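# Overview (structure and organization)
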Amino acid sequence: MVVKTRRNSIKAKMKSRRNILASAAFGVAFLIIPVVVIFIDPIFLVAQYQLKLTKNSLLSYFLKKELKGALLEVYLFNVTNAERFLDGADKKMKMKEIGPFVYQEYRSNEDIDFDNEAPVIRFTPKLRTVFMPDKSVGDPKDITLNVPNISLLTVSTLMEPYPFVVRQLYNILVNQVDTEGIVARDVHSCLWGFRDPIVSIAKTLAPGSIYYDSIGILEKLYDPYVKYRIEMGREGADKFKVLNVQRTRKEKMFDSNDSVNKYFEFNDTYEGAAFPPLMTPQTPVNLYRLGICKSFQMKYQTQEDLKLGAKLFVYGYSNSTFENTKICDSKGWCPFGLMDLSSCFYHLPMALSKSHFLDADPLLLEKVEGLKPNRAVHDSSLLVDPKAGLTIGTTLELQLNIMTTDLTFNHQSRLFSDTIVPIARAKITLPEPPEETRSSLKLMYETGPQILLILEIISCSLGILLLLNSGRLAWRERRRELGPKTFTPLQGKISAQPLLSS
């Protein structure tokens, strides 16, 4: 009976100690959990899981679906003193901006290929535009402007290096066409092109160089006969990077249709909708725009507060984007603030600049009046959440110009010799992130932290309560061990008598 009592006592003591240790262990664990959460940031991991670029992910669904792309606002420069300039009475063209003429882009992607060996994705983007009459100043077909003759000035510049005989033949044929350096033309023809006799003349004289029938600003940018194949990184530091672009176009040359391929490689270049996570101000950022074979280098400028509490990185154009080393006039002047676009624009002598020649060589304004660069209106910005790598807002301002050389050989275009002629200004606004992306941001910066805070408070409270309970159990066990011993009386009496009597 005594042995059984002792065994029960030992079992009770061991059970009590196990309860003490379990309560203490769970208490410590619940106190450690909030510390671990701070270091691993599970909300960020969940958001990154939602933004992974795999075959059946949310982003792959968006790639296949047609979504709203950029909103394109186009302004054309109307020459208000066309007659006086052509007559020689005025030395400068007086220009006035007319617009906007607004087009909504719609973007989808076809032939999506997730490479199983290399962490890349390949796809063929498709773009279409829809005119937005409610956001425009009028119907492009109903508005006629006095504009620089794009066909005449570009073709004349292309013909300038040709031999004297070819140039003279060009002049004879152009004289048969009723045209001038400034023409009255409807906006739709300026943007989307038309069959111009000047282009037909050049096509006859230089069939290997000129194989198109018309020249329109948006016509060349959204050429329906061009196919692009983009290869993009999808993991790690290369996530969302445009690695290379293959451009294919069916071109009719010498009475035959040939498929002409061009291959462009890029470094640290993105389409602008998303970037790798955990960016720093030192992360290099370049933007790629479909239809333009060059990238735009961006520069970190400052930080901005997001309503949700995040800090946004603000980028603008880097000065190196418009560094000019190739666009020079016949006298050797190479104005800064221009990007040579001829290699992207069918060898047409076109150049990009910031709108109204913002931050460009002041001498560019020598032959034009009416352009008033204003940083508040004509500057560009890219807003990125550096933690998730998501673009919150993008507004890009660009101006398209014709870069002429010595055109004194041609009577109709001689007044435009060695001039950077402004043609149009474009404001490109990328759409707001889709609802799913905004939900990820809200989860990361608003809902998630609130839920985590509540869970951390509960975890800490449970940890403290369990530790207190462990202490209470240990104190009670210690008190029981140090307290007075209590014996249970045995039934009956025990008589101690000598076994042997004397």
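Residues numbered from 1 in each chain as written. Predicted model: local features only at pLDDT ≥ 70, side-chain atom pairs only at ≥ 80, totals over all residues. Heavy atoms only, no water.

As annotated in an unreviewed UniProt entry, the chain is Scavenger receptor class B member 1 from Bombyx mori. A UniProt comment under Sequence similarities (unreviewed entry) is attached to the chain, and it reads "Belongs to the CD36 family." (UniProt positions renumbered as here; feature names shortened; annotations may be inferred.)

## A few points about the UniProt feature "transmembrane region" (unreviewed entry) in the chain
When the UniProt feature table is mapped onto this chain numbering, "transmembrane region" (unreviewed entry) sits at residues 20-47 and 451-470. Helix makes up 96% of residues 20-47 and strand 0%, and the two end C-alpha atoms of the span are 40 Å apart. As a span, residues 451-470 carries 100% helix and 0% strand, and end to end its C-alpha atoms are 28 Å apart. (Helix = DSSP H or I, 4+ residues; strand = E, 2+ residues; numbered from the N terminus.)

## Observations concerning the side chain of asparagine 171
Relative to the elements of secondary structure, asparagine 171 occurs in helix H6 (residues 164-175). Setting aside residues up to four positions removed in sequence, asparagine 171 forms contacts with Phe409 and Asn410. (Contact = heavy atoms within 4.5 Å.)

## Considerations on the pairing of strand S18 (residues 420-429)
Here is the key point about a regular strand: its side chains alternate between the two faces of the sheet. Of all ten residues in S18, eight are buried, a share of seventy percent or more. In this structure, strand S1 (residues 67-79) lies alongside S18, joined through six bridges in antiparallel fashion. For glutamate 73, the partnering residue across the bridge sits in S18 and is lysine 427. Note that strand S17 (residues 390-403) and S18 share nine bridges and pair antiparallel. (Buried < 20%, exposed > 50% of the residue type's maximum accessible area, 1.4 Å probe, protein only. Pairing = 2+ DSSP bridges.)

## Overview of the state of the cysteines
Within this structure, the stated rule accounts for one disulfide. Each sulfur in the disulfide pair cysteine 293 and cysteine 344 lies 2.0 Å from the other. Where cysteine 293 bonds to cysteine 344 through sulfur, the torsion about that S-S bond is close to -75 degrees, and the disulfide is left-handed. One end of the pair, cysteine 293, is in the loop between strand S10 (285-288) and strand S11 (295-305); the other, cysteine 344, is in the loop between strand S13 (339-340) and strand S14 (350-353), with 51 residues separating them in the sequence. In terms of burial, cysteine 293 and cysteine 344 fall into one category: buried. (Disulfide = S-S within 2.5 Å.)

## With respect to unusual backbone geometry
Look at the link from glycine 99 to proline 100: it is a cis peptide, with omega at 10 degrees. Mapped onto the fold, proline 100 is located in strand S2 (residues 93-114). Of note, the phi angle at aspartate 418 is positive, near 50 degrees, even though the residue is not glycine. Mapped onto the fold, aspartate 418 is located in the loop between S17 and S18.

## Observations concerning the packing of helix H5 (residues 150-159) against H6
It is the contact of H5 with H6, at a shortest axis distance of 10 Å, that shows an interaxial angle of 160 degrees. Considering their axes alone, H5 and H6 lie roughly antiparallel with respect to each other. H5 and H6 meet at a crossing whose hand is right-handed. Residues Leu152, Val155, Ser156 and Met159 of H5 touch H6, and the partners they reach there are Val166, Arg167, Tyr170 and Val174. (Axes fitted to C-alpha atoms, helices over the stretch in contact; angles between N-to-C directions. Parallel < 35°, antiparallel > 145°, perpendicular 65-115°, else oblique. Left-handed = near helix turned anticlockwise from the far one by under 90°.)

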